Amino acid sequence: MESIVKKRIQQVRKGDQDAFGEIVELFKDRVYHVCFRMLGNRHEAEDIAQEAFIRAYTNIHTFDIDRKFSTWLFRIATNLCIDRIRKKKPDYYLDAEVSGTDGLTMYSQVETDDPLPEEEVESMELQESIQKEISRLPDKYRSVIVLKYIEELSLKEISEILELPIGTVKTRIHRGREALRKQLRSI
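A quick note: this is a predicted structure, and the numbers were derived from the prediction, not measured. (Residues numbered from 1 in each chain as written. Predicted model: local features only at pLDDT ≥ 70, side-chain atom pairs only at ≥ 80, totals over all residues. Heavy atoms only, no water.)

Trainee: Provide a residue-level description of the overall build of the chain, including the pertinent values.
Mentor: Scanning the chain from N- to C-terminus turns up eight helices and zero strands. Across the 187 residues that make up the chain, the buried fraction comes to 33%. Across the chain, every contact between residues at least 6 apart in sequence was considered, and the portion connecting residues at least 24 apart equals 62%. Working note: accessible area of the chain is about 11800 Å², and carbon and sulfur atoms make up 49% of it. (Helix = DSSP H or I, 4+ residues; strand = E, 2+ residues; numbered from the N terminus. Buried < 20%, exposed > 50% of the residue type's maximum accessible area, 1.4 Å probe, protein only. Contact = heavy atoms within 4.5 Å. Areas by Shrake-Rupley, 256 points an atom, 1.4 Å probe, with all protein chains shown as cover.)

In structure tokens:
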């Protein structure tokens, strides 16, 4: 796949915009998932994923063709997520949790005729709880946990994306896992 991506990058550099569309198709789901796991909000994750591809396209000339494109793209997405977290302003989305409630969202106020099966609800609640606990981790732990366990990237790839030594990545994964374990015990 990497050789296909490199060919497409060469085409983009020569002015073929459609070639970048193919690159987007290859990576859009993985980039969105990284963003969603870091931000915990579907709308923001979509916005940041789109921004990551725009940045990649406008800066494609700076990409080192001898490196992995996915690592470069994930670094862009991760940095954008961290920037969004730092600048976060209150937002109001239907899937945002209503303050003062225990996990209720604005969707719960909208009538529906289709009740969800019990197993699906339990699964969603567990995923929501885990995602909530991941989002409570400090940025430096959250990013490595998402990249390692959600995106299943190697330590080397995480090291390149976050521009950290592998030893630091290992330490943050360990400490992040311990912090997450402590948080999940209370659930």
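Trainee: Provide a residue-level description of the packing of helix H2 (residues 17–39) against helix H4 (residues 69–87), including the pertinent values.
Mentor: Interhelical geometry of H2 versus H4 gives an angle of 35 degrees and a closest axis separation of 10 Å. For the pair H2 and H4, the sense of crossing is right-handed. Note on element contacts: H4 touches H2 through Phe 69, Ser 70, Leu 73, Phe 74, Ala 77, Thr 78, Cys 81, Ile 82, Arg 84 and Ile 85, opposite Ile 23, Phe 27, Arg 30, Val 31, Val 34, Cys 35, Met 38 and Leu 39. Here the contact of H2 with H4 is built from residues that sort into 14 nonpolar, two polar and two charged. (Axes fitted to C-alpha atoms, helices over the stretch in contact; angles between N-to-C directions. Left-handed = near helix turned anticlockwise from the far one by under 90°. Nonpolar A, V, L, I, M, F, W, Y, C, P; charged D, E, K, R; others polar.)

Trainee: Tell me about the environment of Arg 67, and name the residues and values.
Mentor: Tracing the chain through its elements places Arg 67 in the loop between helix H3 (42–58) and H4. Overall, the relative accessible area of 49% leaves Arg 67 in the partly exposed class. Apart from the residues within four sequence positions on either side, Arg 67 is in contact with Glu 2, Lys 6 and Glu 160.

Trainee: Residues and numbers for the nonpolar core, please.
Mentor: Residues Ile 9, Phe 27, Val 31, Cys 35, Phe 69 and Ile 158 are the most contacted members of the largest nonpolar core, which totals 45 residues. Contributing elements (two or more residues each) for this core: helix H1 (2–13), H2, H3, H4, helix H6 (139–150), helix H7 (155–162) and helix H8 (166–185). Apart from residues no more than four positions distant in its own chain, Ile 158 is found in contact with Val 144, Leu 147, Lys 148, Leu 153, Glu 163, Val 169 and Ile 173. (Core = buried A, V, L, I, M, F, W, Y, C linked by side-chain atoms within 4.5 Å.)

Trainee: So, the layout of surface pockets: which residues are in play, and what are the values?
Mentor: Estimates place the volume of the second largest pocket at around 160 Å³. In terms of lining residues, the second largest pocket is bounded by Asp 47, Ile 48, Glu 51, Arg 55, Leu 80, Asp 83, Arg 84 and Lys 87. Contributing elements (two or more residues each) for the lining of the second largest pocket: H3 and H4. Across the lining of the second largest pocket, the residue classes tally to two nonpolar, no polar and six charged. (1 Å grid on protein atoms, 1.4 Å probe; cavity = no way out; pocket = protein on both sides within 12 Å on 5 of 7 lines; lining within 4 Å. Points joined across faces, edges and corners; volume = space filled by probe spheres on them.)

Scope: geometric values only; no functional claims are made or implied.
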